[in-house]
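# Reading the structure
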Amino acid sequence: MQNNPHTTLVTPGAPICTESHGGRAKCLQRLVRLDLPVPRTVALSFEAVQRIANGEMPDIAAIVSQFPDDALLCVRPSSEDPDWGGPGAVLNIGMNEDRLRRLSPKLGETAATAIFARFVESFAVDVARLDPDMFDNVKRDGVAGLHDVLQAYEEELEEPFPEALSDQLTAVLKSMARAWDGTSARLLRQAKGAPADAGLGLVVQEMVLGLGQGQCGSGVLQLVDGDTGLPQITGRYLSQSQGRDALEGDKAALYLTKDPRGNSLEELAPKAFAALKNHAAQMREKLREEMQVEFVLEDGNLFILDGVRVARSSRASVRIAVKLAEDGIITKAEALMRVQPRTLSELLHRQISPGAERDVIGRGIAASPGAATGQIVFSANDAQASAARGEACILVRRETTPEDIRGMHAAHAVLTERGGITSHAAVIGRGIGLPCVVGASNMSFNREKKQLVTKDGRIFGEGEIITIDGTRGEVLAGAPKMREAALDDSFQTLMIWADELRDIGIRANADTPEDAKTARNFNAQGIGLCRTEHMFFDPSRLTVMREMIFAASSEDRRAVLERLLPMQRDDFTQLFRIMQGKPVCIRLFDPPLHEFLPTDRAGQRELAEALGLALSDVTRRIEAMSEYNPMLGLRGVRLGVTVPEIYEMQAQAIFEATLDASEDGEPVVPEIMIPLVSAKREVELVKTSIDAVAAAVRMARDRDFTYRLGVMVETPRAALRAAEIAPYCSFLSFGTNDLTQMTYGLSRDDAGRFMSDYVQQGVFREDPFHVLDTEGVGELLKLGADRGRAAQPDITLSICGEHGGNPESIAFCRDAGFDYVSCSPFRVPVARLAAAQLAIASKIR
């Protein structure tokens with residue numbers, strides 16, 4: 001067997017690796033190399049197990065010969081990644097009538113018969129695949145109980161229980177190999193990220209019984225708390241037990257360390273406990289990981305059965321990685337690579353506790369992470385009223401519009417019936433850190449009755465308590481236990497290390513001073529997208545905005561916009577001061593004007609009264625401004641060309657704010673971005689107008705300033721014609737939300753209705769609004785970047801769509817030579833970590 005790499009004794013020099021024998025086999029070899037007290041073990045490779053599944057058995061006699069004649073054996077799975085799971089361990093292989101007679105004097109008849117009965121039951125259920133219910137009414141205690149268990153087995157299978165160790169081991173190996181190849185097992189591990197052809201290894205290990213005279217038992221120990229990541233000896237130990245008995249049920253386990261509440265292993269077996277702690281510390285240092293040690297005591301002697309990576313929360317994952325690096329066990333780069341970017345997303349928001357009961361009443365798209373509980377409300381006004389009363393609420397809407405912004409800020413979470421990953425609710429939710437589930441089409445939203453009706457007919461009315469889990473995309477009844485967000489020193493340290501190693505810039509999309517503060521707190525390198533239209537939905541400005549829309553002439557519009565000018569100037573001044581000299585890219589007004597007009601009769605009547613117009617005039621004007629497809633209509637730069645007064649007012653507000661903010665802080669160099677460009681002439685016209693405003697402000701203030709003008713590339717034509725647009729620009733920022741929408745001819749607000757079907761049937765590999773389509777949209781990005789840079793070599797390239805916070809999208813932008821990505825403020829830490837990991841990985845390659 002020594003010359004067989006597929007069935008080998010685990011020794012320091014044996015040809016064992018994780019890719020061929022699995023993680024457990026490799027870990028045991030490392031423990032053997034550390035000279036830890038590991039029971040004798042034989043490892044079977046992936047190939048050997050696959051052969052077993054196909055009916056080709058290894059040399060069982062050769063395997064058995066590696067162990068003492070009177071040894072009992074156990075078999076455990078060894079997959080490449082422990083998270084992929086595997087069939088359950090089978091203990092006490094080799095137990096039979098003869099072994100029972102020999103063990104009874106040593107262990108006592110009760111313990112010996114219990115081992116035999118346990119093995120028979122395990123063999124019946126896990127190997128022979130019998131129904132576990134067959135033992136429900138069988139007495140298991142003592143000799144009589146063992147007889148009943150054996151009799152139940154033999155009656156059900158109509159054959160005697162196998163006595164020979166070789167027969168038992170053969171049956172166990174066959175059963176475990178075939179279980180791994182089963183359809184349900186394959187689908188389960190694939191759901192955990194395993195490839196379809198993932199292999200399984202097996203380890204055959206000599207049993208240490210954990211039963212008998214003296215201090216005997218089994219347990220697990222780890223040196224850190226898996227929830228917090230702080231140093232703390234945790235685990236369980238159960239006297240007179242085997243395997244992982246100590247972790248199952250409510251058995252009377254002992255404390256590990258001294259505890260006034262009861263006996264501890266430290267007191268009962270101080271030498272063994274001291275050795276166990278030393279072994280755990282040695283494993284941490286040499287295996288370069290926090291490990292959970294599975295151990296057994298037999299008459300006070302310590303044996304190490306296994307070591308597995310400590311299961312950990314998101315908070316603990318960060319703290320453990322940082323601590324290992326600070327202790328010099330791993331490098332900073334390794335610490336960064338060990339934390340999944342999604343882990344940070346969970347840290348930044350409240351989450352439902354892992355052990356909480358989940359009464360799921362609906363599902364949708366997980367649009368913005370985090371969880372929140374509150375009373376159901378069906379309008380933005382009701383959400384604001386709830387906030388004024390200090391009551392938590394969940395805003396439930398068919399879909400949100402810009403008019404709902406204040407209600408969204410007041411709510412604790414948002415649920416919509418329609419929408420996708422880049423819908424209004426999703427984008428705003430991520431921007432302000434608000435848990436959000438969109439596209440919950442398996443629930444019925446009845447606004448008139450103010451009710452939510454679930455798929456199974458349950459009704460939830462206004463005021464009832466529900467919980468939104470924006471991380472999983474689930475709606476829950478009631479108020480499950482929550483885990484609070486946790487940003488500690490370890491998080492900050494990890495982010496500092498990420499910034500030291502990443503090689504692409506990270507900015508934030510921020511529309512308000514609150515967004516900007518969040519971006520600044522997360523150390524964004526500036527604002528990559530400030531959407532100015534949200535500033536006009538404040539009630540104090542909305543009436544003025546509507547008055548401007550109804551103005552009859554250019555002069556009238558300018559007169560009204562003069563009243564908005566100081567408000568816009570204050571907005572921009574606040575942003576500039578918060579960002580303290582960091583770049584702020586302001587997108588000029590983008591949405592169609594009719595979005596600011598009321599759609600219901602009551603709102604139109606109020607508007608008529610406010611403007612002193614006849615109701616018929618108001619309704620007629622609103623009807624005249626309506627468009628068949630407003631997102632492709634009079635918006636963006638088209639407004640800037642046809643109604644230039646809006647952009648002129650905004651440019652003046654930006655330049656005056658630049659001077660005001662620069663007086664008492666770092667010099668400000670604003671970036672002005674023109675949206676929805678598709679032609680060079682559009683840029684020429686707007687640039688000429690803005691340059692004229694800049695000259696006028698310089699003259700009026702008698703002070704100089706600089707600014708950068710650029711284009712938001714959202715239309716396919718802008719990407720294709722980037723060579724002729726770039727000479728007029730300092731930067732090109734690709735708005736991948738609209739660019740994806742226009743490339744696919746697909747409404748991002750409606751795509752959620754069928755996107756899951758498209759992905760499941762292989763039409764799209766992923767939702768293109770969630771993961772950047774590098775083949776289609778990506779080709780436009782590359783074309784635009786290459787042509788723009790060829791025409792203007794020093795032009796700055798970036799993306800500012802929601803894809804900016806996605807690790808796969810960052811990888812694409814980095815490879816394409818983009819200067820930075822911009823994403824929602826709460827995704828900035830995720831983007832910083834992902835960018836660092838990409839830089840590290842590129843050096844490894």
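### Focus on the overall build of the chain
- In terms of regular secondary structure, the chain is built from 33 helices and 30 strands.
- With respect to the three principal axes, the spread of C-alpha positions in the chain is 105 × 60 × 55 Å.
- For the chain, with 845 residues in total, the buried portion stands at 56%.
- Within the chain, contacts between residues separated by at least 24 positions form 67% of all contacts whose residues are at least 6 apart in sequence.
- As presented, the chain carries roughly 35400 Å² of accessible surface, and 47% of it is formed by carbon and sulfur atoms.
- Separation of charge centres in the chain, based on 95 positive and 118 negative side chains, amounts to 3 Å.

### Concerning helix α2 (residues 23-33)
- Along α2, the positions that sit buried rather than exposed are G23, A25, K26, C27, L28, Q29 and L31.
- One or two residues past the end of α2 sits D35, with phi positive at roughly 60°.

### Focus: the packing of aromatic side chains
- One pass over the structure, following the stated rule, counts 17 aromatic pairs.
- Between the aromatic rings of F655 and Y707, the centroid separation amounts to 4.8 Å while the plane-to-plane angle is 50°, which identifies the pairing as tilted. Highlighted residues: F655 in helix α25 (residues 644-663) and Y707 in the loop between α26 (680-701) and β27 (708-713), separated in sequence by 52 residues. Here F655 and Y707 have matching classes, each one buried.
- Judged by centre distance (5.1 Å) and plane angle (80°), the rings of Y744 and F764 are edge-to-face. On the criterion of sequence distance, the pair formed by Y744 in helix α29 (residues 736-744) and F764 in the loop between α30 (755-760) and α31 (777-791) is long-range, its members being 20 residues apart.
- Taken together, the aromatic side chains of F116, F119, F123, Y153 and F161 make up a single cluster linked through ring pairs.
- Positioned over the ring face of Y820 is R507, at 4.0 Å from the centre of the ring.

### Quick notes on the packing of helix α32 (residues 807-815) against helix α33 (residues 828-844)
- Relative to each other, α32 and α33 sit at 55°, their axes nearing to 9 Å. The pairing of α32 with α33 is recorded here as oblique in orientation. Crossing of α32 against α33: the hand is right-handed. Contacts from P807, I810, A811 and R814 of α32 reach α33 at A831, A834, A835, L838, A839 and S842.
- Across the contact of α32 with α33, the residue classes break down as eight nonpolar, one polar and one charged.

### Comments concerning the pattern of salt bridges
- Counting across every chain of the model gives 53 salt bridges.
- Taken together, the shared-partner salt bridges in this structure form one network comprising E533, R587, D590, R635 and D738.

### Points about unusual backbone geometry
- In this structure, R288 takes a positive phi of about 60° despite not being glycine.
- One can find R288 in the loop between α11 (270-287) and β8 (291-298).
- By relative accessible area, R288 is classed as partly exposed at 28%.
- Positive phi values are uncommon outside glycine, yet D299 reaches one of about 55°.
- Its location among the elements puts D299 in the loop between β8 and β9 (301-309).

### Looking at the pairing of strand β20 (residues 465-469)
- By the criterion of burial, β20 is predominantly enclosed, with four of the five residues buried.
- Note: β20 against strand β21 (residues 474-477), four bridges, orientation antiparallel. Residue pairing for β21: D469 is matched across the bridge by E474.
- Between β20 and β21, which pair antiparallel one after the other, the connecting turn spans four residues, and G473 there sits at a positive phi close to 75°.

### Looking at the pairing of β27
- Of all the six residues making up β27, five are buried; the element is thus mostly covered by neighbouring parts of the structure.
- As defined by bridge partners, strand β26 (residues 671-674) adjoins β27 across four bridges and the pair is classed as parallel. Residue M673 lies in a different strand from β27, and its bridge partner there is G710.
- Where the polypeptide runs from β26 across α26 and back to β27, its parallel neighbour, the crossover connection is right-handed.
- Relative to strand β28 (residues 731-734), β27 runs parallel, the two sharing four bridges.

### Section: the packing of α29 against α31
- Running from N to C, α29 and α31 cross one another at 115°; their axes reach a closest spacing of 10 Å. In this structure, α29 crosses over α31, and the sense of that crossing is right-handed. On α31, the residues that touch T736, L739, T740, T743 and Y744 of α29 are V777, L780 and L781.
- The class makeup of the residues in the contact of α29 with α31 is five nonpolar, three polar and no charged.

### What about the sheet that holds strand β2 (residues 41-44)?
- With antiparallel pairing, five strands are arranged side by side in an open sheet as β1-β2-β5-β3-β4. Where the open sheet ends on each side, the last strands, each with one partner, are β1 (7-9) and β4 (90-93). In this sheet, adjacent strand axes meet at a mean angle of 25° when their direction is disregarded.
- In terms of strand pairing, strand β3 (residues 73-79) meets β4 through two bridges, oriented antiparallel. Counterpart to L73 in the pairing with β4 is I93.

### Re the state of the cysteines
- In total, this model carries zero disulfides according to the counting rule given.
- Here C530 stays unpaired: no disulfide links it, and the sulfur of C585, its closest cysteine neighbor, is 8.9 Å away.
- Residue C729 stays outside any disulfide, its sulfur separated by 11 Å from that of C585, the closest cysteine.
- By relative accessible area, which is 5% here, C729 ends up buried.

### Quick notes on the environment of R244
- Note that R244 resides in the loop between β7 (231-239) and α10 (265-268).
- As a C-alpha pair, R244 and V296 span 52 residues in sequence and 9.7 Å in three-dimensional space.
- If sequence neighbours within four positions are ignored, R244 has contacts with V220, Q292 and E294.

### Description of a negative patch on the surface
- Among the surface-exposed residues, D131, D133, D136, E154, E155, E156, E158 and E159 lie close enough to one another that they form a single negatively charged patch.
- Tracing the backbone through its elements, the reader meets E159 in the loop between α7 (142-157) and α8 (165-180).
- When its relative accessible area of 41% is taken as the criterion, E159 is described as partly exposed.

### Things to note about the sheet that holds β8
- In space, the four strands of this open sheet follow the order β7-β6-β8-β9, with antiparallel pairing throughout. Each having just a single partner strand, β7 and β9 make up the two edges of the open sheet. Within this sheet the neighbouring strands show an average axis-to-axis angle of 20°, counted without direction.
- Sheet topology places strand β6 (residues 217-224) next to β7; seven bridges connect them, and they run antiparallel. Bridge pairing in β7 places V224 opposite P231.

### Considering helix α3 (residues 46-53)
- Within the span of α3, buried status applies to F46, A48, V49, I52 and A53. Down the axis of α3, the sector holding all buried residues measures 165°, keeping them to one side.
- Elements that come into contact with the buried residues of α3 comprise β1, α1 (18-21), β2, β3, α8 and β5 (200-206).

### Remarks on the nonpolar core
- Formed by 124 residues in total, the largest nonpolar core has its most connected members in L344, F655 and L732.
- Among the elements that line this core, the one with the most residues is α25, at 10 residues.
- Within the second largest apolar cluster, 58 residues are counted, among which are L44, L107, A112 and A152.

Rules used in this analysis
- Residues numbered from 1 in each chain as written.
- Predicted model: local features only at pLDDT ≥ 70, side-chain atom pairs only at ≥ 80, totals over all residues.
- Heavy atoms only, no water.
- Helix = DSSP H or I, 4+ residues; strand = E, 2+ residues; numbered from the N terminus.
- Buried < 20%, exposed > 50% of the residue type's maximum accessible area, 1.4 Å probe, protein only.
- Contact = heavy atoms within 4.5 Å.
- Areas by Shrake-Rupley, 256 points an atom, 1.4 Å probe, with all protein chains shown as cover.
- Lys, Arg positive; Asp, Glu negative; His and termini not counted.
- Charge placed at Lys NZ, Arg CZ, Asp CG, Glu CD.
- Phe/Tyr/Trp six-rings, centres within 6.5 Å; stacked < 30°, edge-to-face > 60°.
- Lys NZ or Arg CZ within 6 Å of the ring centre and 35° of its normal.
- Axes fitted to C-alpha atoms, helices over the stretch in contact; angles between N-to-C directions.
- Parallel < 35°, antiparallel > 145°, perpendicular 65-115°, else oblique.
- Left-handed = near helix turned anticlockwise from the far one by under 90°.
- Nonpolar A, V, L, I, M, F, W, Y, C, P; charged D, E, K, R; others polar.
- Salt bridge = Lys/Arg side-chain N within 4 Å of Asp/Glu carboxyl O.
- Pairing = 2+ DSSP bridges.
- Right-handed = clockwise from strand over helix to strand, strands pointing away.
- Disulfide = S-S within 2.5 Å.
- Patch = residues over 30% accessible without salt bridge, like charges linked within 9 Å, V, L, I, M, F, W, Y side chains within 5 Å.
- Arc of directions from axis to C-beta.
- Core = buried A, V, L, I, M, F, W, Y, C linked by side-chain atoms within 4.5 Å.

That is the geometry; function is a separate question.
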